[in-house]
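Structural overview for review
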Amino acid sequence: MAAKAGDNPDSLMTLATVFCLRNLKKTMCYQGFRNKLCLRSDIFLPSEICDKLVNTYMELVHTDSNFEPEESFFQLFSDPRSTRLTRVQLREDFVRDRDLEAIKKQDLIELHLTYCNNLSSRSLKALSCFRDTLVSLCLFGCSNIFYRKCGAPLACNEDTDEDEEESPSSRHALETDFNFQGFNRLRLLNLGGMPKELDPETLLKPLKSLTSLDLSNVQLLGTSFLTQWRDRLASLVLYNVDLSEELISTVLELVNLRHLDISQESRRISKFKMTKKILTAIVQRLVHLMSLDISGHIMLDNCTVPHFEEAMGRPRWVTMSLFCWLNLCVSGLFQVTGSKNEDQVLNAIEAYTEFRPELAHRAINQLFDIARIQHCSQLLRALQLVIAALKCHKYDKSIQVTGSAALFYLTNTEYRSDQSVRLRREVIQVVLNGMEHYQEVTVQRNCCLTLCNFSIPEELEFQYSRVNQLLLKILEPARQDESIQRIAVHLCNALVCQVDNHHKEAVGKMGFVRTMLNLIQKKLQDRMCDQVMEFSWSALWNITDETPDNCQMFLNCRGMSLFLECLQEFPDKQELHRNMLGLLGNVAEVKALRPQLLTPQFITVFSNLLDSKADGIEVSYNACGVLSHIMFDGPEVWKMEEPRRDMVMEKMWEAIQSWDVSSRRNINYRSFEPILRLLPQSISPVSQHWATWALYNLVSVYPSKYCPLLIKEGGMTLLEKVLELESSHPDTKDMARKVMEHCENFKEDPMETNPGQDANFGQRG
């Protein structure tokens, strides 16, 4: 069997790491003084394990809502005698000064800090502790790190957490005492977004051995300082930096550059204009250049790629494509010569996701069109890149909108057979992250639609509680977007259909019943019976199946009043009537709740519905089922004068006699237990007759589904008792024999076929 996309299982290392992080106190740690998490004294971890623990911890914090961060997690790595860290990646506001201070004794080789806006100049001292070992440093988007809080000096008090009370965006005095003196091993540096008050030349002058420098969005007061690395610098990124002739001249002196990025946002206004002369100079002077990004610039001189092929020499251009070799990006890196292809789009997403979400958004939008209109041939890579972008920018509206839309098309029927269980679970998790963190109409709609591409509830069961909570949250507002409301109710209905009772009980406690009834109430106020109304009643039918607590909630939340109002307001809505009566059948199965149904008003309504021809026999059948359970409690509970019990029973007999036993059904029984309990009794022969008819119909029309179920649940023995009882009606006994014959014949010939078996089963719980 061919492997499906994303089918490779997680490594044992990954599984063990996640398990330990979710169970720190049971594996590596103990609760110390003041509930501080402490590493066990017999634990000694090498850098491979420590790096994995820290980086996976950060991923769980940002992508798993069920993961609980530990306040003192980074303290576990404070002692290099028991733990060794070498390569650490931290991101966003979760990271605090004290976290870097906790690991300052480690010999870090790589430290990537991205959008860590809660870091202040206290963290610069911790950085200085890594100066002897650090080879790669990223401070992208960490502009607050160059400011003191509360006027504190650079040398901070390790035992205080005064900065924790500060606003993440609070700034005070600029830190002017820090530079990179002593960082002699540093080769790769990213200072993207550095404050304009800082002078890059002063800050960077001590660094003699840089090979890669990213100064995206940095204001350069001078440019000559770049020439100190003319013989070493291989990569220079000046994205959104104000270009000038002076800067271009300086860049042309960096003769060993292999990657140069002088691109800018397309919306950015720049006085500098890119010309053929400038591009020709770059191509001719920087002879080692393998990748060039000039996207976002207005091109003059009718500059086109062929001109530069001549300047560069055809052999270097013809065999080269995106990223790994020389690229000219005129209107975006994914539009090299004005044409779009899947490779270019995916390469653009990969290159731009982390630091340039505005460009990644445009590339994902192109992928959306490919998946929607054409065909995505690199499915695994496409899904992994979109998932990574959504994880990285969970609060970016444009990324969340385009990413969730792309996922909808990348997970639909056309691609489904090529996707592994693991990959589809990754998609589900990132979709739920989007629903959780971004309350925006388009994102919510896209995420809900994407969930509809999955088998429900099977594929969502591993996140069952979470997805239900998110959907119920969507349905809480009094006036929700109509399309989202319809999709969310549909998903809620599907999620409580064909699941175990403990799942239904758990969802009921989340407020499921109340939420559905609120939706019904709003639709009644609007005098509108639409899909939301019908799905809401269907969902209530499903969630009350064999769950007495949920049935009780329905009654407590004015469910019966809404039932009567809907009957009166929408007398001709057959699907609605079927769903409502199915739900009330579930309520009637609960003995303790039946007295609440035994009122003149309700009994009259049920009795009148016996004559209904709506949806075939379904409404009449369900009304008779409700009355059958009520009659089973005996004549002594019937306290009302009207309607009389014997008259209602007579109507029940007449209704049952009118039904066609070969009727195909819009119902799906998971268990016959509520029906079987009506068989061996003489209190209410009509209830026994209804139960026997139900079994006869189901085993006749759908033998392969219901004969095994009836046999498994002991139905044959109970039917024999029906034959033994003198009180059983002759017609009931006759049907009981036929049911037994069907089951016996099925046991002898289980391959029996019947056109009715292909029926599209509706729901019953």
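Structure: above.
Residues numbered from 1 in each chain as written. Predicted model: local features only at pLDDT ≥ 70, side-chain atom pairs only at ≥ 80, totals over all residues. Heavy atoms only, no water.

**Things to note about the overall build of the protein**
- A count of helical and extended segments in the protein gives 33 helices and 10 strands.
- Looking at the protein as a whole, 55% of its 765 residues qualify as buried.
- Taken as a whole, the protein presents about 33200 Å² of accessible surface, with 49% of it coming from carbon and sulfur. (Helix = DSSP H or I, 4+ residues; strand = E, 2+ residues; numbered from the N terminus. Buried < 20%, exposed > 50% of the residue type's maximum accessible area, 1.4 Å probe, protein only. Areas by Shrake-Rupley, 256 points an atom, 1.4 Å probe, with all protein chains shown as cover.)

**With respect to the pairing of strand β4 (residues 110-114)**
- Judged from the five bridges that link them, strand β3 (residues 87-91) and β4 form a sheet pairing that is parallel. Pairing of Q89 across the sheet is with H112, part of β4.
- Handedness of the β-α-β unit built from β3, helix α4 (residues 97-102) and β4 comes out right-handed.
- When β4 meets strand β5 (residues 136-138), the two strands line up parallel, connected through three bridges. Within the sheet, the bridge partner assigned to L111 lies in β5 and is L137.
- Taken together, β4, helix α5 (residues 122-128) and β5 constitute a β-α-β crossover, and its handedness is right-handed. (Pairing = 2+ DSSP bridges. Right-handed = clockwise from strand over helix to strand, strands pointing away.)

**So, helix α32 (residues 715-724)**
- Those residues of α32 that sit buried are G715, M716, L718, L719 and V722. The arc that holds the buried residues of α32, viewed along the axis, is 160°, so those residues lie on one side. (Arc of directions from axis to C-beta.)

**Quick look at the nonpolar core**
- Judged by nonpolar contacts, the single largest core of 154 residues is most densely connected at W537, F563 and F606.
- With 10 residues, helix α30 (residues 685-701) is the largest single contributor of residues to this core.
- The contacts of F563, once residues within four sequence positions are left out, are W537, M580, L581, L584, V605, F606 and L609. (Core = buried A, V, L, I, M, F, W, Y, C linked by side-chain atoms within 4.5 Å. Contact = heavy atoms within 4.5 Å.)

**As for the pattern of salt bridges**
- Enumeration according to the criterion identifies 34 salt bridges in this entry.
- Residue R230 pairs with E253 through a salt bridge whose shortest N-O separation is 2.9 Å. With R230 in the loop between β7 (212-214) and β8 (235-237) and E253 in the loop between α7 (245-251) and β9 (259-261), the pair connects residues that are 23 residues apart, well separated along the chain.
- The exposure class assigned to R230 is partly exposed, which follows from its relative accessible area of 33%.
- Take E253: its relative accessible area is 31%, and that puts it in the partly exposed class.
- The shortest N-O distance in the salt bridge between E565 and R558 comes to 3.3 Å.
- When its relative accessible area of 42% is taken as the criterion, R558 is described as partly exposed.
- Through salt bridges with shared partners, one network takes in R91, E92 and E354. (Salt bridge = Lys/Arg side-chain N within 4 Å of Asp/Glu carboxyl O.)

**What about the side chain of N433?**
- By secondary structure assignment, the location of N433 is in helix α16 (residues 421-437).
- The exposure class of N433 is buried, given its relative accessible area of 7%.
- Residue contacts for N433: discarding those within four places in its chain leaves T63 and R466.

**A short note on the packing of aromatic side chains**
- Here the structure, examined in full by the defined rule, presents 23 aromatic pairs.
- Residues F140 and F355 carry aromatic rings whose centres are separated by 4.4 Å and whose planes lie at 45° to one another, so their mutual orientation is tilted. Taken together, the residues span a long stretch of sequence, with F140 in the loop between β5 and β6 (188-190) and F355 in the loop between α11 (342-352) and α12 (357-373) at a distance of 215 residues.
- Residue classification places F140 among the buried positions, given a relative accessible area of 6%.
- Seen in terms of ring centroids, W537 and F554 are 6.1 Å apart; in terms of plane orientation they differ by 70°. Their pairing is edge-to-face. (Phe/Tyr/Trp six-rings, centres within 6.5 Å; stacked < 30°, edge-to-face > 60°.)

**Considerations on the environment of S209**
- Mapped onto the fold, S209 is located in the loop between α6 (200-204) and β7.
- Residues S209 and R232, 23 residues apart in the sequence, show an inter-C-alpha distance of 6.9 Å.
- Discounting chain neighbours no more than four positions away, the residues touching S209 are N184, L186, R187, W229 and R232.

**Description of helix α18 (residues 464-474)**
- For α18, a buried count of eight out of 11 residues is recorded, marking the element as mostly surrounded by other parts of the structure.
- Every buried residue of α18 is listed here: Y464, R466, V467, N468, L470, L471, L472 and I474.
- Packed against the buried residues of α18 are α3 (47-63), α16, α17 (441-451), α19 (482-495), α20 (501-509) and α21 (512-525).

**A word on the sheet that holds β7**
- One open sheet holds the eight strands; their spatial order is β3-β4-β5-β6-β7-β8-β9-β10, and the pairing between them is parallel. Strands with a single pairing partner mark the edges of an open sheet, and in this sheet they are β3 and β10 (291-293). Looking at each pair of strands side by side, their axes are set apart by 5° on average, direction ignored.
- Pairing of β8 with β9, which is carried by three bridges, proceeds in the parallel orientation. Paired with S235 across the bridge in β9 is H259. (Axes fitted to C-alpha atoms, helices over the stretch in contact; angles between N-to-C directions.)

**Looking at unusual backbone geometry**
- In the segment running from I456 into P457, the intervening peptide bond is cis, with an omega of 10°.
- Along the polypeptide, P457 turns up in the loop between α17 and α18.
- Note the cis peptide between E642 and P643, where omega equals -5°.
- Position of P643 relative to the elements: it lies in the loop between α27 (618-631) and α28 (645-658).

**Examining the environment of Y464**
- Inspection of the secondary structure assignment puts Y464 in helix α18.
- Exposure remark for Y464: the relative accessible area of 5% places this residue in the buried category.
- On a C-alpha basis, the gap between Y464 and V507 in space is 9.1 Å, while along the polypeptide they are 43 residues apart.
- If we ignore the near neighbours within four places in the chain, the residues touching Y464 are P457, L495, V496, V499, H503 and V507.

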